[in-house]
Amino acid sequence: MSQTLPLSIFIICKDEAERLPLVLDALADLSDDLVIVDSGSTDGTLEIARRYTKHVFHRDWEGFGQQKVYAESLCRHDWVLNLDADEVLLEEVRQSIRALFDLPEDQRAAAYSLRIRHVSMLVDNITPHRLSPINITPRLYHRKRAGFKDSAVHDKVVVHDGSPVETLSGDVAHISMKSFDQMWRKIADYARLQAEDWADKGREPGWLRLLLDPPWFFIKNYFLRRLVFLGFEGFVMAVAVSAGRALRIGMTWEVQKRRRREVKDTRR
């Protein structure tokens, strides 16, 4: 049995009973401090989580950044790894993480990115295709040198001193959706959060943006982010993401209209 690392791993989740066992199985022997923060699961997620760790907590959902900042605060080690409840560490990246901890502390970067590749829900194999969409994003970091911001929408690790983020070799399998229905609900929920964020910042997207953004998002996701290599599934995903962009704009108008009405009512 491999020795665990001085590393905390935290996951935020809700209703992930189907995918969570794969994620947690891949973390075996990597850490002795696994933290799971749930926001109200009703599908057996909590029972599964407690089979792997005693550090299972509840926190009502406030936003991606807020949940992750809270989960990080519960970690014991300074080096922390964040995974989503649909992201499975494959063997090469597991070995890359182990190799990192063989280095002296002063030779490590403040943060490291993971290569997260989409895995199709239409096949049983979770090994990503070499041409499948990839997202390279910081997830492993020293929390005194980097960390998440408490933004409801933008949950990206920021390095405090601006030093470069290095990328670990190996892939993470991203089982990004359980069904097209679940995918659309996820897109709609995210569009709602983004609409509130835009309204808070006073952004007022107009008709030109509504006309241009959705087709641009289709092109960006289908071709530049390589959903084209996922065939039928990739085409549906690209269409849904572009529709989600239009939905965000419509929801922003809706939020702004509601807030103007509320201001008018308070002045009466």
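Now for a quick tour of the structure. In this text the structure is predicted, and so the values were computed from the model without any measurement.

**Notes on the packing of aromatic side chains**
Overall, the coordinates contain 12 aromatic pairs when judged by the stated rule. Taken together through their ring pairs, the aromatic side chains of Phe 218, Tyr 222, Phe 223 and Phe 235 make up a single cluster. Taking NZ or CZ as reference, Lys 220 lies 4.4 Å from the ring centre of Phe 217, over its face.

**Details of the side chain of Glu 72**
One can find Glu 72 in helix 3 (residues 64–73). Buried charge Glu 72 goes without a salt bridge, the closest partner of opposite sign being Arg 143 at 4.8 Å. Apart from residues lying up to four places away in sequence, Glu 72 is in contact with Phe 10, Val 80, Tyr 141, Arg 143, Gly 147 and Phe 148.

**Brief notes about a positive patch on the surface**
A contiguous patch of positive charge on the surface is contributed by Lys 257, Arg 260, Arg 261 and Lys 264. Positionally, Lys 264 belongs in helix 7 (residues 231–267). You can call Lys 264 exposed: its relative accessible area is 52%.

**A few points about the nonpolar core**
Leu 7, Leu 81, Leu 89, Ile 97, Leu 114 and Leu 140 are the most contacted members of the largest nonpolar core, which has 38 residues in total. Residues contacting Ile 97, with those up to four places away along its chain left out, are Leu 5, Leu 7, Leu 30, Leu 81, Leu 89, Leu 140 and Leu 168. Ala 71, Phe 148, Val 157 and Val 159 belong to the second-largest nonpolar core, a separate cluster that totals 14 residues.

**Notes on helix 5 (residues 180–200)**
With 21 residues, helix 5 should reach 30 Å at 1.5 Å per residue; the first-to-last C-alpha distance of 30 Å fits that figure. Buried within helix 5 are the following residues: Gln 182, Met 183, Ile 187, Ala 188, Ala 191, Gln 194, Ala 195, Asp 197, Trp 198 and Ala 199. As for helix 5, its buried residues are in contact with helix 6 (207–224) and helix 7. In the stretch just after helix 5, Gly 202 is the one whose phi turns positive, near 75°.

**Focus: the environment of Cys 75**
The residue Cys 75 is located in the loop between helix 3 and strand 4 (79–84) in this model. According to the relative accessible area criterion, Cys 75 is buried, its value standing at 6%. Each C-alpha atom, one on Cys 75 and one on Leu 34, is 7.9 Å from the other, the two residues being 41 residues apart in sequence. Not counting residues up to four positions away in its chain, the partners in contact with Cys 75 are Ser 8, Phe 10, Asp 33, Val 35, Val 80 and Arg 143.

**So, the packing of helix 6 against helix 7**
Where helix 6 contacts helix 7, the axes come no closer than 8 Å and their chain directions differ by 155°. By the criterion of interaxial angle, the relationship of helix 6 to helix 7 is roughly antiparallel. As helix 6 runs across helix 7, the sense of the crossing is right-handed. Contacts between helix 6 and helix 7 involve Trp 207, Arg 209, Leu 210, Asp 213, Pro 214, Phe 217, Phe 218, Asn 221 and Tyr 222 on the former and, on the latter, Gly 234, Phe 235, Ala 238, Val 239, Val 241, Ser 242, Arg 245, Ala 246, Ile 249 and Trp 253. Here the contact of helix 6 with helix 7 is built from residues that sort into 13 nonpolar, 3 polar and 3 charged.

**Here's the deal with the pairing of strand 1 (residues 5–13)**
With 8 of 9 residues buried, strand 1 is to be regarded as a mostly interior element. Pairing of strand 1 with strand 2 (residues 31–38), which is carried by 7 bridges, proceeds in the parallel orientation. Considered in strand 2, the bridge of Phe 10 is made with Val 35. Handedness of the β-α-β unit built from strand 1, helix 1 (residues 20–25) and strand 2 comes out right-handed. Across 5 bridges, the pairing between strand 1 and strand 4 is parallel. Bridging from a neighbouring strand, Ser 8 pairs with Val 80 of strand 4.

**Comments concerning the pattern of salt bridges**
Applying the stated criterion to the full structure yields 25 salt bridges. With a shortest N-O distance of 3.7 Å, Asp 78 and Arg 143 are connected by a salt bridge. Pair noted here: Asp 78 is in the loop between helix 3 and strand 4 and Arg 143 is in the loop between strand 7 (134–142) and strand 8 (146–148), with a separation of 65 residues, a long-range link. Relative accessible area serves as the criterion here: at 28%, Asp 78 is assigned to the partly exposed category.

Basis of the calculations
Residues numbered from 1 in each chain as written. Predicted model: local features only at pLDDT ≥ 70, side-chain atom pairs only at ≥ 80, totals over all residues. Heavy atoms only, no water. Phe/Tyr/Trp six-rings, centres within 6.5 Å; stacked < 30°, edge-to-face > 60°. Lys NZ or Arg CZ within 6 Å of the ring centre and 35° of its normal. Helix = DSSP H or I, 4+ residues; strand = E, 2+ residues; numbered from the N terminus. Buried < 20%, exposed > 50% of the residue type's maximum accessible area, 1.4 Å probe, protein only. Lys, Arg positive; Asp, Glu negative; His and termini not counted. Salt bridge = Lys/Arg side-chain N within 4 Å of Asp/Glu carboxyl O. Contact = heavy atoms within 4.5 Å. Patch = residues over 30% accessible without salt bridge, like charges linked within 9 Å, V, L, I, M, F, W, Y side chains within 5 Å. Areas by Shrake-Rupley, 256 points an atom, 1.4 Å probe, with all protein chains shown as cover. Charge placed at Lys NZ, Arg CZ, Asp CG, Glu CD. Core = buried A, V, L, I, M, F, W, Y, C linked by side-chain atoms within 4.5 Å. Expected span 1.5 Å × (residues − 1). Axes fitted to C-alpha atoms, helices over the stretch in contact; angles between N-to-C directions. Parallel < 35°, antiparallel > 145°, perpendicular 65-115°, else oblique. Left-handed = near helix turned anticlockwise from the far one by under 90°. Nonpolar A, V, L, I, M, F, W, Y, C, P; charged D, E, K, R; others polar. Pairing = 2+ DSSP bridges. Right-handed = clockwise from strand over helix to strand, strands pointing away.

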